[in-house]
Amino acid sequence: MCGIVGIVSTEPVNQQIYDSLLLLQHRGQDSTGIATADGPVFHMAKARGQVREAFRTRDMRSLLGNIGLGHVRYTTKGAAEREEEAQPFYVNAPYGIILVHNGNLTNTRELSSDLFSIDRRHVNSTSDTEMLLNVLATELQGQITGLDLDPDQVFQAVAQVHERVEGSYAVIAMIAGYGLLAFRDPFGIRPLILGRRTTEAGKDEWIVASESLVLENGDYEIVRDVEPGEAIFITLDGQMIARQCATNPRLIPCSFEYVYLARPDSVMNGISVYEARLRMGDRLATTIETHMDKGDIDVVMPIPDSSRPAAMQVAQKLGIEYREGFYKNRYVGRTFIMPGQAQRRRSVRQKLNAMGTEFKGKNILIVDDSIVRGTTSKEIVEMARAAGANKVTFTSAAPPVRYPHVYGINMPSRKELVAHGRKIPEIARELGADHMIYQEVADLQAAITQGTSIEQLDMSCFTGEYVTGTVTEEYLEWVEQTQLS
């Protein structure tokens, strides 16, 4: 999971991209980068850390030009501590390309071998983004017949990328002297949305970003989502050309975007994240009623912030008082996307504080959006008991996470997942809760897709069924051996 944005404007874009990355900060906290193009010249600044701490005034002044892109990184491939692996990545031929990527490639071993032995290209990091950039550059080079580049050649190169690359990828790239390219994998696993605004002079300005809230904040009109397998090319003078580049595209978006990753005020693939979370709460409440006596619950509490909509609906549907017993320190980042278990564990109590007056002598039903490693959940149960709770029932608006997520979320190892190999009562004991209730898989799918034409979601971390059809047991074992979380 990362956040990406690209803008083609009639005025300097450095501040627009900076502001956009602030809005996408929830999607990645490890590092950030901005690149702009001033004619044929690229300018780039990137650093470890969050947006506000990464860029200085001198960096912003150096980012010249009316076209640019930006990235916030949450590490799933490569090393979080290496500033060299922060995006964007650059390659100087053909023309000069700078690229950012949200997602995860699943055939990096094959790509690494092919890039060296066939394409004769050097990759200087362990990042799959740099591999993706070099594949695109190779395919684009193969399409060029003269000095100039035309959109047909760009789209044919993207079609070849789809043939060579497996996994999930939403991509934005700049081609020096020509324009901005954006494309999405043939399954549309990771989100990408297109927006437009028109200047007083009648010129079109364009934006592509991971979430719709970026468009709305910049006063862009939402045009549509980039389709699975589709490529969009925007020229320097604001002409937008789109083409389907995949042979058999199918929209199968990631369910975890709606559960946890995206901001609630975003709309993805035509689905309001907030409304999807409300429906998750409705369906979770029904499941709670079938598994326990609601008379044994005094209050319903969310773990702020992403579980709040579901918790409100649970309380309303069960007719139980809704209370906020955990206070969140907003100056600590999202613990799930912090690199390393030790750092996540230290951050839980820095992030949340339990208010004793809300817990003392009460039977508490806690609603969280999901439970992955159980690190945060176990700490929360201990905090509730220390604050005086009589009984603690822990519920999840998502089903048990039992399998690795290989499409851009940092869940590489089954042994880290608290639900893997455990039955629900065993999970409750592991977390120290009196009761444990999860959302049903079918209910999660129905809650997200209700009222849409979407027939399937990527729910691989819940079901073990990988939508690209290329993920094998051998690959999962290799990921567990080589990738740290």
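See the structure shown above.
Keep in mind that what you see is a predicted model, and the values were worked out from it rather than measured.

Chemist: Which residues make up unusual backbone geometry, and what values do they have?
Modeler: Q87 connects to P88 through a cis peptide bond whose omega is 10°. Its location among the elements puts P88 in the loop between β4 (67–73) and β5 (89–91). For the peptide bond that leads from A93 to P94, omega is 0°, which places it in the cis range. Relative to the elements of secondary structure, P94 occurs in the loop between β5 and β6 (97–105).

Chemist: Account for helix α1 (residues 14–23), naming residues and giving values.
Modeler: With respect to burial, α1 is a largely interior element, seven of its 10 residues being buried. What α1 keeps buried is the set N14, Q16, I17, Y18, S20, L21 and L23.

Chemist: Go over the packing of helix α9 (residues 273–291) against helix α10 (residues 308–318) with me, naming the residues and quoting the values.
Modeler: Two elements in contact, α9 and α10, have axes separated by 7 Å at closest approach and are oriented at 45°. Comparing their axes, α10 and α9 come out oblique. Remark: the crossing between α9 and α10 carries right-handed chirality. Every residue of α10 that contacts α9 at Y274, R277, L278, G281, D282, L284, A285, T286, I288 and E289 is listed here: P309, A310, M312, Q313, V314, K317 and L318. When the residues that make up the contact of α9 with α10 are grouped by side-chain class, the tally is 10 nonpolar, three polar and four charged.

Chemist: Could you give an account of helix α16 (residues 473–482), naming the residues involved and the relevant values?
Modeler: Among all positions in α16, only Y475, L476 and V479 are buried. Take α16 and look down its axis: the buried residues cluster within an arc of 100°, on one side only. Those residues of α16 that are buried lie in contact with β6 and α4 (108–117).

Chemist: Let's hear about the pattern of salt bridges: which residues, and what values?
Modeler: Taken as a whole and judged by the stated rule, the model has 26 salt bridges. The residue E289 makes a salt bridge to K294 at a minimum N-O spacing of 3.8 Å. Its relative accessible area of 38% is what places E289 among the partly exposed residues. Classification of K294 as partly exposed rests on a relative accessible area of 36%. Residues D296 and K391 are paired through a salt bridge, measuring 3.7 Å at the closest nitrogen-oxygen approach. Highlighted residues: D296 in the loop between α9 and β16 (299–302) and K391 in strand β21 (residues 391–396), separated in sequence by 95 residues. What emerges from the salt-bridge pattern is a single network uniting R27, R190, E211 and E257.

Chemist: Can you break down the packing of aromatic side chains residue by residue, with the values?
Modeler: By the definition in use, this model includes nine aromatic pairs. Taking the centre distance of 6.3 Å and the plane angle of 50° together, the rings of F256 and Y260 count as tilted. With a gap of four residues between them, F256 and Y260 both fall in helix α8 (residues 255–261), about one helical turn apart. Assessed through its relative accessible area of 8%, Y260 is described here as buried. Centre to centre, the rings of Y475 and W478 are 5.8 Å apart; their planes meet at 35°, and the pair counts as tilted. Of this pair, Y475 and W478 both sit in helix α16, three residues apart, roughly one helical turn. Here a set of aromatic residues connected by ring pairs shows up, and it is made of F256, Y260 and F462. For the cation-ring pair, K46 lies above F89, with the distance from its terminal atom to the ring centre recorded as 4.9 Å. Cation over ring: R109 sits above W478, and NZ or CZ is 4.5 Å from the ring centre.

Chemist: Please give an account of empty space enclosed by the protein that cites residues and values.
Modeler: The final tally for this structure, using the stated rule, is two cavities of 30 Å³ or more. Space inside the second largest cavity adds up to approximately 40 Å³. Every residue lining the second largest cavity is counted, 10 residues in all, and those nearest its centre are N104, H405, V406, I409 and Q483. Residues belonging to the lining of the second largest cavity are distributed by class as follows: five nonpolar, five polar and no charged.

Chemist: Run through the sheet that holds strand β10 (residues 204–209), naming residues and quoting values.
Modeler: Strand-to-strand pairing in sheets goes through backbone hydrogen bonds, with the strands running parallel or antiparallel. Pairing is antiparallel across the open sheet formed by seven strands, whose spatial order is β3-β2-β4-β1-β10-β9-β11. Two strands close off the open sheet at either side, each with one partner strand: β3 (41–48) and β11 (221–225). Taken over all neighbouring pairs, the strand axes of this sheet differ in orientation by 15° on average, direction set aside. Direction of pairing for strand β2 (residues 31–38) relative to β3: antiparallel, over a ladder of eight bridges. Within the sheet, the bridge partner assigned to T36 lies in β3 and is H43. Packed on one face of the sheet, α1 meets β1 (3–8), β2, β4, β9 (193–198) and β10 and runs near 155° to β2.

Chemist: Go over the pairing of strand β12 (residues 230–235), please, and point to the residues and values.
Modeler: Most of β12 is tucked away, with six of its six residues classed as buried. Residues of β12 alternate between two faces, with E230, I232 and I234 on one and A231, F233 and T235 on the opposite face, all of them buried. By the bridge criterion, five bridges tie strand β8 (residues 179–184) to β12 in an arrangement that is antiparallel. Opposite L180, over in β12, you have I234 as the bridge partner. Judged from the five bridges that link them, β12 and strand β13 (residues 240–244) form a sheet pairing that is antiparallel. Residue pairing in the sheet places I234 in a bridge with M240 of β13. Between the antiparallel neighbours β12 and β13 lie four residues, among them G238 with a positive phi of about 90°.

Chemist: Break down the sheet that holds β13 for me, with residues and values.
Modeler: Reading across the sheet, the six strands line up as β5-β6-β7-β8-β12-β13 and stay open at both edges, with antiparallel pairing between neighbours. Looking at the sheet topology across the chains shown, the edges are occupied by β5 and β13. Strand-to-strand, the axes of this sheet are offset by a mean angle of 20°, without reference to chain direction. The pairing of β5 with β6 spans three bridges and is antiparallel. Looking across to β6, one finds that F89 is bridged to L99.

Scoring rules and cut-offs
- Residues numbered from 1 in each chain as written.
- Predicted model: local features only at pLDDT ≥ 70, side-chain atom pairs only at ≥ 80, totals over all residues.
- Heavy atoms only, no water.
- Helix = DSSP H or I, 4+ residues; strand = E, 2+ residues; numbered from the N terminus.
- Buried < 20%, exposed > 50% of the residue type's maximum accessible area, 1.4 Å probe, protein only.
- Axes fitted to C-alpha atoms, helices over the stretch in contact; angles between N-to-C directions.
- Parallel < 35°, antiparallel > 145°, perpendicular 65-115°, else oblique.
- Left-handed = near helix turned anticlockwise from the far one by under 90°.
- Contact = heavy atoms within 4.5 Å.
- Nonpolar A, V, L, I, M, F, W, Y, C, P; charged D, E, K, R; others polar.
- Arc of directions from axis to C-beta.
- Salt bridge = Lys/Arg side-chain N within 4 Å of Asp/Glu carboxyl O.
- Phe/Tyr/Trp six-rings, centres within 6.5 Å; stacked < 30°, edge-to-face > 60°.
- Lys NZ or Arg CZ within 6 Å of the ring centre and 35° of its normal.
- 1 Å grid on protein atoms, 1.4 Å probe; cavity = no way out; pocket = protein on both sides within 12 Å on 5 of 7 lines; lining within 4 Å.
- Points joined across faces, edges and corners; volume = space filled by probe spheres on them.
- Pairing = 2+ DSSP bridges.

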